[in-house]
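Fold and geometry: a report
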Amino acid sequence: MNSTASHPKVLIVGGGPAGLILALSLLQNGVPVRIIEKNAQPRLGQRGAGIMPRSLELFSYLRLIDEVMKLAIVTPPVRMYKLPDGTNPVHEFEMSPYRDPTPTDPFLSPVMLGQDRLEKIFYAALAKHSCFVELGTELKSFEQSHDHVKVNLIRRGMSEEEDSGIPEVAIYDWMIGADGARGVVRKQLGLSFLGETRKVENFIVGDVIVEGLAQKFWHMWGDLSNVMISLRGTETDQLFNLFIGGKNVNHPIITASDEALLKCLADNTGQRPDLNFKKVAWVSHYSPNIRMVQNFGHGRVYVAGDAGHVHSPTGGQGMNSSIQDSFNLGWKLALVAKGFAGPSLLQTYTEERIPVIKDLIQQTTTILNETLNNSSEGAIKRGMGHIQLGENYRGSSIVVDERKAIDAEREAEEDAYLRDYSFGEENDVDNDVDFDERLRAGDRAPDSSGLVVRSPPHLLNRACQLFQIFGSSYHVVLIFAGLANCKAVLATLAAYPKELVRSVVVIRCHEPISANVACADFVLEDRDGHAYGAYCLSGVCGIIVVRPDGKVGAIVKGSLGLHRYFHLIFKTN
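Scope of this entry: the structure provided in the associated data block. For clarity, every value in this text was computed on a predicted model and none was experimentally measured.

1. Some thoughts on helix α1 (residues 17–28)
The first and last C-alpha atoms of α1 sit 16 Å apart over 12 residues, in line with the 16 Å expected at 1.5 Å per residue. Counting buried residues along α1, 11 of its 12 residues qualify, which places the element largely inside the surrounding structure. Of all the positions in α1, only Pro17, Ala18, Gly19, Leu20, Ile21, Leu22, Ala23, Leu24, Ser25, Leu26 and Leu27 are classed as buried. Residues of α1 that are buried make contact with β1 (10–13), β2 (33–37), α2 (53–61), α4 (115–127), β12 (174–177) and α8 (318–337). Downstream of α1 by a residue or two, Gly30 has a phi angle that is positive, lying close to 80°.

If you want it as structure tokens, here you go:
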């Protein structure tokens, strides 16, 4: 058995970031899982090394952020060299300029960490739940019925022989395919995978050990009109992530051997005597695939990550969007698997993620085309500029926003008043009011520093942030004193499972604690005013529900709005 003593309810096919994060999310929700991986060995290499700010926030909810930040490095500045000598830098710029954190945005700059090292952090977290990835175990086929999924597996262990292995038939309540673009789950489920494969833009990617090259830079020579070499410094000394592309790249010759690849690097970086290209750590061909499903699954089988969408390499969005797929699906599947929600909740996984993925693919493809056409600095910078903090589910059927209507009504009244007293064009009002800058249901829930714990007593006077309270296995209801009836709201929340809903009363600086809030899980004093400023700037609707995936599920005035939201989540069907 691969997770807890209980029989796993969920089979996860694929041991990459999407599968690992989903497994951890489910385990933190008390759902036992089994996770299998076809490959006999863990993946090598940097691969999807760019970690976007939104992913760092999710690692906070999963309690992984400290381990990640200990190993990660900032995105190196780009240094471009003049050929043919290849020694003189002609231009330097920041791929992703560092941005200082703010009280509500603790992560505003991407960091870099090799995917192999990141996955080791995930493995260690899973091991704490007695869950281990079963390497060398392949899904061959499956059948689903109304109440289970029957799977046919081959367990090869460390053997890489195709004909070896022990057959196994097993039954699970649910199955998730995180087995990549070439995986079997999506294909056998019959999901479309529409898009394109750019055959003419074959790239070579990998890692190489280089002596004599400054580790703190992202080095580039040439351009895609001829041959382009990119060597990015990593968190490991002398290890560089490589990219080779261009119209004059002779792929058959370069990939014939490691020696040929090392020669290509030397030839196209100026034959510099100060550089020693020592060893190829790993290498792979890459043809940009730009595809996505129209539906993430049905019945008891779903897909996540590359199994559902693949992107161009520009922007470093693939792994990050995969993680967010899993985080969206994890808490919903946990509620359904434990009987707290009906299966229809899983339909919102597709509803919420498809528009985000569609928009992301459009952006990364545009950047790819710009890069291929002129390899411009602007295109390269834009590739790392999508930090994913603005992605939202505002159009979701399971979010409730009472503030939006109130704000719109207020704006309409103000517009009418100004029109009545307008005396000329200079007083004309722009009716295209941008509500998007305001916090809405479906948005990412902001952090807030400057909070001090006033209750429970064992944490009294400790400084904290909201991200330390948010978690992957429960909703957090923020109740802002003075803007909501705290006593009535806490009484309402008592009707819901305590392990699934946590109450946090937020009071203003130096405000006394009322006896009415004694039953709250936390009472936090907003010493610096950042929480009120981020969540209740307009002074309307002082109850904010934060989902387990860190999105705002509801912004409401009182108990009726709370019931309306939780009915959408916890109803049975």
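2. Looking at the sheet that holds strand β26 (residues 475–480)
Ordered in space as β23-β30-β29-β26-β27-β28-β24-β25, the 8 strands form an open sheet in which the pairing is mixed. Only two strands of the sheet have a single partner each, and these edge strands are β23 (400–401) and β25 (463–464). Bridging between strand β29 (residues 543–546) and strand β30 (residues 552–556) involves 4 bridges; their strand directions are antiparallel. Residue pairing in the sheet places Val545 in a bridge with Ala554 of β30.

3. Regarding unusual backbone geometry
Cis rather than trans, the peptide bond between Leu83 and Pro84 has omega equal to 20°. Note on placement: Pro84 falls in the loop between β5 (78–81) and β6 (89–93). Backbone torsion omega between Ser455 and Pro456 reads 15°, so that peptide bond is classified as cis. Take Pro456: it is sitting in the loop between β24 (451–455) and β25. A positive phi angle, close to 50°, is found at Gln271, a residue other than glycine. Phi at Asn461 is positive, roughly 70°, even though this residue is not glycine. With respect to the helices and strands, the residue Asn461 is situated in the loop between β24 and β25.

4. Looking at the packing of α1 against α4
Packing of α1 against α4 leaves a shortest axis separation of 10 Å and a crossing angle of 20°. On the basis of their axis angle, the class for α1 and α4 is roughly parallel. Our pair here, α1 against α4, has a crossing hand that is left-handed. Judged by residue contacts, Pro17, Leu20, Ile21, Ala23, Leu24 and Leu27 of α1 engage Gln115, Glu119, Phe122, Tyr123, Ala125 and Leu126 from α4. Broken down by class, the residue content of the contact of α1 with α4 amounts to 10 nonpolar, 1 polar and 1 charged.

5. Section: the pairing of β1
Regular strands have side chains that alternate between both faces of the sheet. Of the two faces of β1, the one lined by Val10 and Ile12 and the one lined by Leu11 and Val13 are each fully buried. Summarising the sheet, β1 and β12 pair through 4 bridges and their orientation is parallel. Within β12, the position partnered with Val10 by the bridge is Trp174. Here β1 pairs with β2 via 4 bridges, running parallel. Bridging across to β2, Val10 finds its partner in Val33. Remark: the β1/α1/β2 crossover connection has right-handed handedness.

6. A look at the pairing of strand β27 (residues 501–508)
In terms of burial, β27 is largely enclosed, as 6 of its 8 residues are buried. Bridge count for β26 against β27 is 6 bridges, and the pairing is parallel. Looking at β27, one finds that Val477 is bridged to Ser503. Pairing geometry for β27 and strand β28 (residues 522–526), over 5 bridges, is parallel. Bridge pairing in β28 places Val506 opposite Leu524.

7. Section: the sheet that holds strand β8 (residues 134–135)
In sheet architecture, strand pairing relies on hydrogen bonds along the backbone and comes in two forms, parallel and antiparallel. Taken in spatial order, the 6 strands of this open sheet run β8-β2-β1-β12-β21-β20, and their pairing is mixed. Each edge of the sheet is formed by a strand with only one pairing partner; in this case those strands are β8 and β20 (297–298). Where β12 meets strand β21 (residues 301–303), 3 bridges bridge the pair, whose relative direction is parallel. If you follow Gly177 over to β21, its bridge partner there is Val303. The sheet strands contacting α1 are β1, β2 and β12, and the helix crosses β2 at an angle near 170°. Lying on the sheet, α8 is in contact with β1 and β12; it crosses β12 at an angle near 170°.

The rules behind these values
Residues numbered from 1 in each chain as written. Predicted model: local features only at pLDDT ≥ 70, side-chain atom pairs only at ≥ 80, totals over all residues. Heavy atoms only, no water. Helix = DSSP H or I, 4+ residues; strand = E, 2+ residues; numbered from the N terminus. Expected span 1.5 Å × (residues − 1). Buried < 20%, exposed > 50% of the residue type's maximum accessible area, 1.4 Å probe, protein only. Contact = heavy atoms within 4.5 Å. Pairing = 2+ DSSP bridges. Axes fitted to C-alpha atoms, helices over the stretch in contact; angles between N-to-C directions. Parallel < 35°, antiparallel > 145°, perpendicular 65-115°, else oblique. Left-handed = near helix turned anticlockwise from the far one by under 90°. Nonpolar A, V, L, I, M, F, W, Y, C, P; charged D, E, K, R; others polar. Right-handed = clockwise from strand over helix to strand, strands pointing away.

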